[in-house]
Amino acid sequence: MTEHSKNDIFHASSFLQGHNAEYVEQLYARYAADPASVDEAWVEFFRQLGDGEAEVRAEAKGPSWARQSGFVADELTAALTGEWPVEEVKDAGKKIKAKAREKGVEVTDDQVKRAVLDSIRALMLIRAYRIRGHLVADLDPLGMRDQTPHPELDPASYGFSEADMDRPIFIDNVLGLQMASMRQILDIVKRTYCGTFALQYMHISDPEQAAWLKERIEGFGKEIQFTREGRRAILNKLVEAEGFEKFLHVKYMGTKRFGLDGGEALIPAMEQIIKRGGALGATEVVVGMPHRGRLSVLANVLSKPYRAIFNEFQGGSFKPDDVDGSGDVKYHLGASSDREFDGNIVHLSLTANPSHLEAVNPVVLGKCRAKQDQKHDQQRISVIPILLHGDAAFAGQGVVAECFGLSGLKGHRTGGTIHIVVNNQIGFTTAPHFSRSSPYPTDIALMVEAPIFHVNGDDPEAVVHAAKVATEFRQKFHKDVVIDIFCYRRFGHNEGDEPMFTNPIMYNRIKKHKTTLALYTERLVKDGLIPEGEIEDMKAAFQAHLNDEFEAGKEFKPNKADWLDGRWSHLDREGDQYQRGQTAISAETLEEVGRSLVTGPEGFPLHKTVGRLLEAKKQMFETGDGFDWATAEALAFGSLLTEGYPVRLAGQDSTRGTFSQRHSGFINQQDEERYYPLNHIREGQAQYEVIDSMLSEYAVLGFEYGYSLAEPNALTLWEAQFGDFANGAQIMFDQFISSGESKWLRMSGLVMLLPHGFEGQGPEHSSARLERFLQLCGQDNWIVANCSTPANYFHILRRQLHRSFRKPLVLMTPKSLLRHKLCISRKEDFIEGSSFHRVLWDDAQYGNSETKLKPDSEIKRVVMCSGKVYYDLLEERDARGIDDIYLLRVEQFYPFPAISLVKELERFKEAEMVWCQEEPKNQGAWTFIEPNIEWVLTRIKARHNRPVYAGRAASASPATGLASQHKAQQAALIDEALTIEGK
Ligand SMILES: Cc1ncc(C[n+]2csc(CCOP(=O)(O)OP(=O)(O)O)c2C)c(N)n1
Ligand SMILES: [Mg+2]
């Protein structure tokens, strides 16, 4: 083939993707004129016609493409395989004619050509429907969607006029038929792809998945069919969904409930997922959802008693009176229950969430992952996550994309989420063309090649069918699926809102539009399934039931808060925050963990530097001294593992550690296999999982928080690459981690490791914004700490699991201290007799410093500080030979160690009190700690009853980017802290 013709074909192929019929003509003409020059062109051509991307990419040669595309002429196939000498190809027409003649039919050249063209064009049209049929499908109950006919779906674009509609066309079993007329073909593809059920799947490159979906919906006998009972069940659910909202509308007119009116088909769809999921191995479903329809889901899917909901409307609480907690509005609350379908029991839970749309998604996924891990379910079919979304939020909130990003990753996958978009075609007051750039709100799901079922919410059977196929797909392929329920919102955004201000055209239509239930009833009456009038009895019976529940709601009292059930039953929410917990380990355990840390498998090809690190570690264990930060961490992890507590650490590059300090997986330098020493401590130990996470903070932190909500008996940690980046996950800190227990009575023992410290790396690699976390402290909601020794880090980690309650731990972690010669601990600091210290004494007091301090009564100044700056102060004080300044470290900021400080500062009643920090004055601990220290000083009646500040001046940015400026500032603040005026 000449270069010239290759180019031609290349261009022609790209035309073909636009289904350019002219190209077909050209190719045919070229073939007829000179078969030898176009044999490869045919190959290209068939490739273009192949069903699905996979075939396009397949390396198989011509015949398979030809067959898959349903091409007609055996002769052409043979030509491509070389079974036929190419010269004979031009006789193909003659052969066809001869074959026809044998059957007594005379066929002209034109007829041969037309038959070939018909086949090719028909297949092109069928493929176009598979790809784009959904664009013109009957999805919008309001009929407002742009329905401009699409040229690729128009038979005329392929040369078929009305006169060509009825002759038979060979389509080689595509659509399940050997032959079909264009009229029949159109009928089938329109019913399959353009009805009230429209599957978008041609973006899926996995051939098995695409073929499964196609098989499931395409061809004869694949129409949506429900049994009588199935249809009645749908009707019943619609009666409940509509009746519940109507009841609330009457009883609590104008009270916010974010009604589902217009999207009622959601309820039978969820039922179907639970039912089908249960039949396919699920025993648990975890749901996350926004405000819209939440009360209906609680009542009609999770079976929360109607009376409990009515009681909340009447001002009642969701929790017993004797339980503390600030509570939350009723449309944010979680719930759980067991449902049974066909003998399969499925436990359902709805995760509590804040207003922040979509923020709950990663939390739900983390919970599911924990539950799957507890069931040792590698396939992840036993627990299904369902996430519900509004159309505007799904398109707009970035965390949605982040969660799709997590969906296929080893450390974060959950076997596929079933997403349901309640696509009411509006977000508050904003119409879709203002709120997204893509045709559908679901287009974000294309990124993971999830199948997307677009369905018309006024055809509940289509919706339930989609739910069924979606669930089957998820259980089979363990992958995300999306159901996009096109519907509408009958009233305003909430019940006090007037939609006519902003959307009069839509709302004028809605006013005239019958409800989903009314339309479905008409359909069932028409089909003779229910007698006319019966629906009124059904509705009345349901309203009567609600009335009884309403009365019962007046007296309803929640008798039990459920936060300490199951895996939490050994815990106590009111535990004393001063508990130390048994955090020391035995010398034997220390040795045992140590052995695993320094030994890889025989002959394991380690990186040279890692080998040296292991040698250094060996030294630590041999001498019982010099334990560094990373080793202390590994000791904490390892000892917990031996006690049966799994450890799960996720963060960017966490296996190695951002600062090359952790190396908790040994990497085989030949094949990159990973060996995790912490998983080889002893038989029967718990598992260590370290995850190099996706480059996200928001979703990954949310996921780990979710994990910790479902698993109190594991150490779950999230690590920021640098503490600064944690602010990308601010919603998680504000809305969930700091306040979740108070709002929703849900404890979490999550640990957040945030590298922090001013080492001259510039504005973005210095500060973890300690001040933000301190500002959120209240009601013992979490622990905020900044440890300065490896051993204290070890103890605070272990303490997470060795107290009778769980609290999130926000930990500033070091960078330069990872390798600081003074930042080391000794064996005694880990074993019996040791524990966590909220405040730490001056090293001179331990004899760890060259300075011999004067007696307490002669100490002139106490410099209090936290974290890395302590070592700067220590080194400088010792260098200057100062002996009347005492350095006191605050290791835990919150809960504030008031009792410990009273005890320590009482020793220095006459001394000046200084708070020294590296952070600018408007940042760091200063504004938090100043009043706290003042309280302590007043309490002990100290001479100086307010602390003095020594640190950087207030600043817009956390740190300077100029190394010289950093040095000067750092030297100045140390000097300020260590200089006593008038001395
Ligand atoms: C992150 C966030 N931004 C803004 C809001 C305020 N808000 C609440 S509902 C809503 C509209 C949501 O529209 P959509 O997602 O389509 O759900 P619908 O209410 O239509 O069911 C907005 C903007 C919010 N709750 N969360
Ligand atoms: Mg909406």
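Computed from a prediction, not measured in an experiment: that's the story for all the values here. (Residues numbered from 1 in each chain as written. Chains lettered and ligands numbered in written order. Predicted model: local features only at pLDDT ≥ 70, side-chain atom pairs only at ≥ 80, totals over all residues. Heavy atoms only, no water.)

## Quick word on the UniProt feature "domain: Transketolase-like pyrimidine-binding" (unreviewed entry) in the protein
Okay, so step 1: The feature "domain: Transketolase-like pyrimidine-binding" (unreviewed entry), as annotated in UniProt, sits at residues 627-820 in this numbering.
Okay, so step 2: Strand forms 17% of residues 627-820 and helix 29%; the C-alpha atoms that close the span are 11 Å apart. (UniProt positions renumbered as here; feature names shortened; annotations may be inferred. Helix = DSSP H or I, 4+ residues; strand = E, 2+ residues; numbered from the N terminus.)

## Focus on the coordination of the magnesium ion (ligand 2)
In an ideal octahedron of six donors the angles at the metal are 90 or 180 degrees, and in an ideal tetrahedron of four donors they are 109.5 degrees.
Okay, so step 1: Summarising the metal site, the magnesium ion (ligand 2) is bound by the protein donors Asp 391 (OD), Asn 424 (OD1) and Ile 426 (O), whose distances to it range over 2.0 to 2.1 Å.
Okay, so step 2: If you list the donors of the magnesium ion (ligand 2) from N- to C-terminus, the spacing comes out as D-x32-N-x1-I. Note that Asp 391 is positioned in helix 17 (residues 391-396) and Asn 424 in the loop between strand 8 (418-423) and helix 19 (432-435), a separation of 33 residues in sequence. Pair check on accessibility: Asp 391 and Asn 424 agree, each one buried. (Donors = N, O, S within 2.8 Å, 3.2 Å for Na, K, Ca; no water. Buried < 20%, exposed > 50% of the residue type's maximum accessible area, 1.4 Å probe, protein only.)

## Points about the nonpolar core
One broad trend across soluble globular proteins is that nonpolar side chains are buried collectively.
Okay, so step 1: Core analysis: the largest hydrophobic core is formed by 110 residues, its most contacted members being Ile 171 and Ile 483.
Okay, so step 2: By residue number, the principal contributor to this core is helix 9 (residues 109-132), which donates 10 residues.
Okay, so step 3: Not counting residues up to four positions away in its chain, the partners in contact with Ile 483 are Ile 273, Ile 418, His 419, Ile 420, Val 421, Phe 453, Val 455, Ala 466, Ala 467 and Ala 470.
Okay, so step 4: Core analysis: the second largest hydrophobic core is formed by 72 residues, Val 890, Ala 925, Leu 937 and Tyr 949 among them. (Core = buried A, V, L, I, M, F, W, Y, C linked by side-chain atoms within 4.5 Å. Contact = heavy atoms within 4.5 Å.)

## Thoughts on the sheet that holds strand 11 (residues 647-651)
Okay, so step 1: Across the sheet, which stays open at both edges, the 7 strands sit in the order 14-11-15-16-18-17-22 with mixed pairing between neighbours. Only two strands of the sheet have a single neighbouring strand rather than two, namely strand 14 (688-692) and strand 22 (892-894). Taken pair by pair, the neighbouring strands of this sheet meet at an average axis angle of 20 degrees, ignoring direction.
Okay, so step 2: Looking at chain direction, strand 11 and strand 14 are connected through 5 bridges and run parallel. Each bridged residue has a counterpart across the sheet, and for Val 647 the counterpart in strand 14 is Tyr 688. (Pairing = 2+ DSSP bridges. Axes fitted to C-alpha atoms, helices over the stretch in contact; angles between N-to-C directions.)

## Notes on the environment of Cys 777
Okay, so step 1: Residue placement: Cys 777 occurs in the loop between helix 30 (770-775) and strand 17 (783-786).
Okay, so step 2: The buried category is assigned to Cys 777, whose relative accessible area is 17%.
Okay, so step 3: For the pair Cys 777 and Ser 739, spaced 38 residues apart in sequence, the C-alpha to C-alpha distance is 9.4 Å.
Okay, so step 4: Beyond its immediate stretch of four places on either side in the chain, Cys 777 contacts Trp 782, Val 784, Tyr 894 and Phe 928.

## A closer look at the environment of Met 124
Okay, so step 1: Looking at where Met 124 falls in the secondary structure, it is placed in helix 9.
Okay, so step 2: Between the alpha carbons of Met 124 and Pro 155 there is a distance of 9.9 Å; along the sequence they are 31 residues apart.

## Thoughts on helix 26 (residues 629-642)
Okay, so step 1: When the terminal C-alpha atoms of helix 26 are compared, their 20 Å separation across 14 residues agrees well with the 20 Å that a helix rising 1.5 Å per residue should span.
Okay, so step 2: Among the 14 residues of helix 26, 14 are classified as buried, and the element is accordingly described as predominantly covered.
Okay, so step 3: Where helix 26 ends, the next residue or the one after it, Gly 644, has phi of about 95 degrees, a positive value. (Expected span 1.5 Å × (residues − 1).)

## Here's the deal with the pattern of salt bridges
Okay, so step 1: The tally for this structure, following the rule as stated, stands at 61 salt bridges.
Okay, so step 2: Between Lys 371 and Glu 284 there is a salt bridge whose closest N-O contact spans 2.6 Å. A residue pair is termed long-range when its members are at least 10 positions apart, and Lys 371 in helix 16 (residues 360-374) and Glu 284 in strand 4 (residues 284-288) qualify at 87 residues.
Okay, so step 3: With its nearest N and O atoms 2.9 Å apart, the salt bridge here joins Arg 369 to Glu 689. Note that Arg 369 is positioned in helix 16 and Glu 689 in strand 14, a separation of 320 residues in sequence.
Okay, so step 4: What makes Glu 689 partly exposed here is its relative accessible area of 23%.
Okay, so step 5: Several salt bridges share partner residues, and in doing so they unite Arg 369, Asp 373, Arg 380, Arg 648, Glu 689 and Glu 704 into one network. (Salt bridge = Lys/Arg side-chain N within 4 Å of Asp/Glu carboxyl O.)

## Here we look at the pairing of strand 21 (residues 885-890)
Okay, so step 1: For strand 21, the tally of buried residues reaches 6 of 6 residues, placing the bulk of the element in the interior.
Okay, so step 2: A two-sided burial pattern is seen for strand 21, the buried positions comprising Ile 885, Leu 887 and Arg 889 on one face and Tyr 886, Leu 888 and Val 890 on the other.
Okay, so step 3: Sheet analysis places strand 19 (residues 839-840) next to strand 21, joined by 2 bridges and oriented antiparallel. The partner of Val 839 across the bridge, within strand 21, is Val 890.
Okay, so step 4: Relative to strand 21, strand 20 (residues 861-865) runs parallel, the two sharing 5 bridges. Considered in strand 21, the bridge of Cys 865 is made with Arg 889.

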